[in-house]
Amino acid sequence: MKGTLAAAFVAAFISCSPTLAQAKEAPEKSEVHIGAASVGITYLPVILAKQLGYFRDEGLNVTIAAFSGGSKALEAMLGGSTDMVAGAYSNTITMAAKGQKLVTIAAQVTCPGWVFGIASKSAGKVKTTADLKGKRIGVSAPGSSTHMVVNYILHKAGLKPDDVSIIGVGQAAGAVAAVRAGQIDALIVNDPVATVLTGDGSLVPMDEMRTAEGNKQVFGADYPESSIYTTQAYVARNPRTVQAVADAIVRAERWIAKATPQQVVANVPPEYLVDNKDLYAKAFESSRRCISSDGVITDEGARTVRDVLAAFDPTIGAAKIDLAATYDNRYVKRAAETLQ
């Protein structure tokens, strides 16, 4: 009799489970448009959240539009053509100094995964960062996070932003072409392009921002960059939508943390693989330590970003910025609780 009752209870629980899952409130918006500053490896959480169906599981139909850099993606969101940005956390700070209220709801990385290097055709003329005076430096787009970090690297070498020429080349094929054609003397870029260019000798690394030691040398600590952010007004209007996005991102980050390079390659859209699966797998291994496993931006990480920006931008240093308002970890922490 006891066995019969136990079996009946289990059967009833299983039959009720779909109802319990469906009881989760639907997001306010089922259509979400995300502007991506890059489709490099440090943006894998948002890419794979879509590819693996995690956004769909949350009741979302997410469209990802790739831009040539973070400044372009930010402009699109502020102009109303996208809802969120997969871009640099630093943008929430720079915009706060201008009175714009943006907030990061999920970190994609704990470090930026960039390599800053000298084009091989210019390597004979440039031995140190100070030698870049008067030279051409490639960034994803002017005003982007790559541009900001180049300004910081120049500042540390005693140079001013206007001591060099900044050229927007993207983070993909355009960057490769610019280096190989000798159109730029230096480049900051993430993977897989960083591995492509350093692997064939087209780019000679100067600053490595994929390793713990490299980030310490450049920034003093790990520097959180790629994140998911939006306006505080959007969050206030659509808290369930924001939670659904955070749930999918954290789920993707947990998947990435356990995945083999081959599993990652098998799930990345072919157009992002730079036509070489083995090379992409190698690039993933080079940058995977940077990918967040929980979506959290730490207080220390936020302060590091602010201090880097303030070092070369006096408007950031003088602005009264509520740093705690530029990121909100509540959504990724709830996601972690749900996934346990």
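Definitions and cut-offs
Residues numbered from 1 in each chain as written. Predicted model: local features only at pLDDT ≥ 70, side-chain atom pairs only at ≥ 80, totals over all residues. Heavy atoms only, no water. Salt bridge = Lys/Arg side-chain N within 4 Å of Asp/Glu carboxyl O. Helix = DSSP H or I, 4+ residues; strand = E, 2+ residues; numbered from the N terminus. Buried < 20%, exposed > 50% of the residue type's maximum accessible area, 1.4 Å probe, protein only. Disulfide = S-S within 2.5 Å. Phe/Tyr/Trp six-rings, centres within 6.5 Å; stacked < 30°, edge-to-face > 60°. Pairing = 2+ DSSP bridges. Axes fitted to C-alpha atoms, helices over the stretch in contact; angles between N-to-C directions. Domains from an automatic or database assignment. Contact = heavy atoms within 4.5 Å. Buried area = accessible area lost by both parts, 1.4 Å probe.

1. Re the pattern of salt bridges
A complete count under the given rule lists 11 salt bridges for this structure. Lys-29 is the partner of Asp-83 in a salt bridge, and the nearest nitrogen-oxygen pair spans 3.0 Å. Taken together, the residues span a long stretch of sequence, with Asp-83 in the loop between helix H4 (70-78) and strand E3 (84-88) and Lys-29 in the loop between helix H1 (2-22) and strand E1 (31-36) at a distance of 54 residues. Two residues, Asp-222 and Arg-289, come together in a salt bridge whose shortest N-O distance is 3.0 Å. Of this pair, Asp-222 sits in the loop between helix H9 (212-219) and strand E10 (226-231) while Arg-289 sits in the loop between helix H13 (277-287) and helix H14 (299-312), placing them 67 residues apart in sequence. Taking relative accessible area as the criterion, Asp-222 reaches 25% and is therefore assigned partly exposed. Arg-289 sits in the partly exposed class, given a relative accessible area of 36%. One continuous salt-bridge network, built from bridges that share partners, spans Glu-25, Glu-28 and Arg-240.

2. Describing the state of the cysteines
Tallying each qualifying case throughout the model produces 1 disulfide. Through a disulfide, Cys-111 is tied to Cys-290; the S-S separation comes to 1.9 Å. Judged by the torsion about the S-S bond (-100 degrees), the Cys-111/Cys-290 disulfide is left-handed. Of the two residues, Cys-111 is situated in the loop between strand E4 (102-107) and strand E5 (114-119) and Cys-290 in the loop between H13 and H14; the sequence distance between them amounts to 179 residues.

3. Considering the packing of aromatic side chains
Tallied over the entire structure, the rule returns 3 aromatic pairs. Judged by centre distance (6.2 Å) and plane angle (15 degrees), the rings of Tyr-152 and Phe-219 are stacked. Of this pair, Tyr-152 sits in helix H6 (residues 145-156) while Phe-219 sits in helix H9, and the two are 67 residues apart along the sequence. Ring geometry for Phe-219 and Tyr-223: centres 4.3 Å apart, planes at 20 degrees, overall stacked.

4. Some words on the sheet that holds strand E6 (residues 136-139)
Strand order in the open sheet formed by 5 strands is E7-E6-E8-E5-E9, and the pairing between neighbours is mixed. Whereas interior strands pair on both sides, the edge strands pair on one side only; in this sheet they are strand E7 (165-168) and strand E9 (203-209). The mean inter-strand angle of the sheet, taken between neighbouring strand axes irrespective of direction, is 25 degrees. Pairing analysis gives 2 bridges linking E6 to strand E8 (residues 186-189), with the strands arranged parallel. Among the inter-strand pairings, Gly-138 is bridged to a residue of E8, identified as Leu-187.

5. Let's talk about the domain arrangement of the chain
Domains assigned within the chain are domain 1 (31-110 + 223-339) and domain 2 (114-219). A separation of 22 Å is found between the C-alpha centroids of domain 1 and domain 2. At the interface, 29 residues of domain 1 touch 25 residues of domain 2. Here domain 1 meets domain 2 over a buried area of about 2,100 Å², counting both sides, of which 67% is carbon and sulfur. The largest contributions to the domain 1 side of the interface with domain 2 come from Tyr-223, Arg-289 and Phe-312, which together make up 25% of the buried area. The tally of links between domain 1 and domain 2 comes to 0 salt bridges. Secondary structure elements with two or more residues in the side of domain 1 that touches domain 2: H4, H13 and H14. In terms of residues, the side of domain 1 that touches domain 2 owes the most to one element, H13, which gives 6 residues.

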